[in-house]
Amino acid sequence: MSWVVRNIARMRSPHLLFVIFLLSLLLSHVSVYSLSPFFRADLVSLQGSSYLTQNFSWMSQRLDHFTPQDERVFEQRYFEYLEFFDAPSGPVFLKICGESACRGIVNDYSAVLARKFNAAVVSLEHRYYGESLPFVDLTTDNLTYLTTYQALFDLASFRNYYQDLLRTRFNSSELENPWFVFGISYAGALSAWFQLKFPHLSRGSLASSGVVQAIFNFTAFDEQVSRSAGPACSDALMEITALVEKGLMENATAVKSMFGAEQLTIDGDFMYFLADAAAIAIQYGNPDILCDPLVAGKLLGQDLLKLYAEYVKEYFINSFGVSIDTYDQEHLKDTEAGINSDRQWWYQVCNELAYFQVAPGNNSIRSRLVDAKYHLDLCTNVFQNGMYPAVDTTNIYYGGVRITGSKIFFTNGSQDPWRHASKQFSSPGEPSWLIACHNCGHGTDLRGCPQSPLQIEGNASSCTDPDAVYKAREAIISHIQSCLAEDNCKGGHCSM
């Protein structure tokens, strides 16, 4: 649906809303049925491509789920893939999209699981990201409705909307499909929280690298980066940080220009950018791309700063595709919707979640310029209202790593620095699995190794210990089988 139509839909006229509702319903049905194998016998298999589908539909979503008298709505984008679906009563896999534009249903290991369980796969774009924008101007006031609480109710509302759509499509008012929820990273946290808060709406969930613990001073992040990199690489990174800090005092423009980052006038932004460049390689299963040249260069007495600058420009920016704008606070102040998703994510961080990656007290590979004050100053500068993340409230509401739900399966990669914000120990109803290998990082169970470039169907053959991934996947399959089995799901609990 066009921007014009979606903006008209925000008007308060009931006649306009009714017309737009009918138009939205018509367009969604056209898109839905063009994808469905039940209505197109010549549907082409999308195996081998990066996405199962990039065709989308729309639903009208409440702006504020907690104020019944507020009738404002926005159009939220969703995707569905039905080639594997055992209609009409097969399971529905809800694959949660997280803190970026949702461009389709990614063809990772969840596609293999959907084929195995004859499941439909659906994904809902997160409010305020991609095309699912309640406002065209993302001022701080307009971002008020960007919270995990609202996002979870979006998912619950979508789940019921789509279940009703299936009932209509198959002319069965009693149809109630078994649902299972997936998510990676922040979306993994949403997956766990969805199962915690709405256990009546799904049979179970997979929280892959699910960051369920809001953390103010997240020093464990860099401590894990250092361990995952190994002593030699970590020493080289610490030396590089010291060289950059010295360069900033002597000639800041010259040292920033080595990395093509002259626009980062705030030194803390620049040092955050350099720290992320190292962490990303570890996090996404490419430690050797980062470490091999640095370790060899240090042994040979080469210019480490020059070597690191080459890595940052060639891998982090050119290959991985990171924009320097992401780290520029002036860029984060831009309120025009559709420009980026960096502002939205920083709002969530500054408001609820923190995850402030700050320099540890000892042997830090991150500059001490990146401390808690840096993050709080950024929040104030970008959002102009003295924001302070309510981490205690978030953790009390959801439970943090002490989350107490049922039928939630947690997985983490051993090298992933984010695993310290996830649940790493098993408890009744909440098994936790650590996948250990040299390049097992963020979301390895669904994404394989490495995760950039995309591994089709989550191919794990490039993991340094593929068997470790396969064993985790066997446990995930067992979990899903258990949760989908009707006779094993009595009294709100599935046998494990």
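Structure report, in brief. Quick caveat, the model's predicted, so the values are computed rather than measured.

Overview of the packing of helix H4 (residues 148-169) against helix H5 (residues 186-197)
Where H4 contacts H5, the axes come no closer than 10 Å and their chain directions differ by 65 degrees. Here H4 lies roughly perpendicular to H5, going by the angle between them. Judged by the sense of rotation from one axis to the other, the crossing of H4 with H5 is right-handed. Residues Thr148, Ala151, Leu152, Leu155 and Ala156 of H4 lie in contact with H5, whose contacting residues are Tyr186, Leu190, Trp193 and Phe194. Class assignment for the residues of the contact of H4 with H5 results in 8 nonpolar, 1 polar and no charged.

Overview of the state of the cysteines
Between two cysteines, a covalent bond joining their sulfur atoms is known as a disulfide. Scanning the model with the defined rule gives 5 disulfides in all. Between the sulfur atoms of Cys97 and its disulfide partner Cys102 the distance amounts to 2.0 Å. Residue Cys97 shares its accessibility class with Cys102, and that shared class is buried. The disulfide that involves Cys437 links it to Cys440, with 1.9 Å between the sulfurs. Measuring the twist about the S-S bond at about 100 degrees, one finds the Cys437-Cys440 disulfide to be right-handed. Considered together, Cys437 and Cys440 belong to a single accessibility category, that of buried residues.

A short note on the sheet that holds strand S9 (residues 408-413)
The strands making up a sheet associate through hydrogen bonds between their backbones, and the pairing can be parallel or antiparallel. Read across the open sheet, the 8 strands follow the order S2-S3-S6-S4-S7-S8-S9-S10; overall the sheet is mixed. Each having just a single partner strand, strand S2 (56-62) and strand S10 (432-435) make up the two edges of the open sheet. Strand-to-strand twist of the sheet, defined as the mean angle between neighbouring strand axes without regard to direction, takes the value 25 degrees. The pairing of strand S3 (residues 73-81) with strand S6 (residues 120-124) spans 4 bridges and is classified as antiparallel. Across the sheet, Glu80 pairs through a bridge with Val122, a residue of S6.

Conventions and cut-offs
- Residues numbered from 1 in each chain as written.
- Predicted model: local features only at pLDDT ≥ 70, side-chain atom pairs only at ≥ 80, totals over all residues.
- Heavy atoms only, no water.
- Axes fitted to C-alpha atoms, helices over the stretch in contact; angles between N-to-C directions.
- Helix = DSSP H or I, 4+ residues; strand = E, 2+ residues; numbered from the N terminus.
- Parallel < 35°, antiparallel > 145°, perpendicular 65-115°, else oblique.
- Left-handed = near helix turned anticlockwise from the far one by under 90°.
- Contact = heavy atoms within 4.5 Å.
- Nonpolar A, V, L, I, M, F, W, Y, C, P; charged D, E, K, R; others polar.
- Disulfide = S-S within 2.5 Å.
- Buried < 20%, exposed > 50% of the residue type's maximum accessible area, 1.4 Å probe, protein only.
- Pairing = 2+ DSSP bridges.

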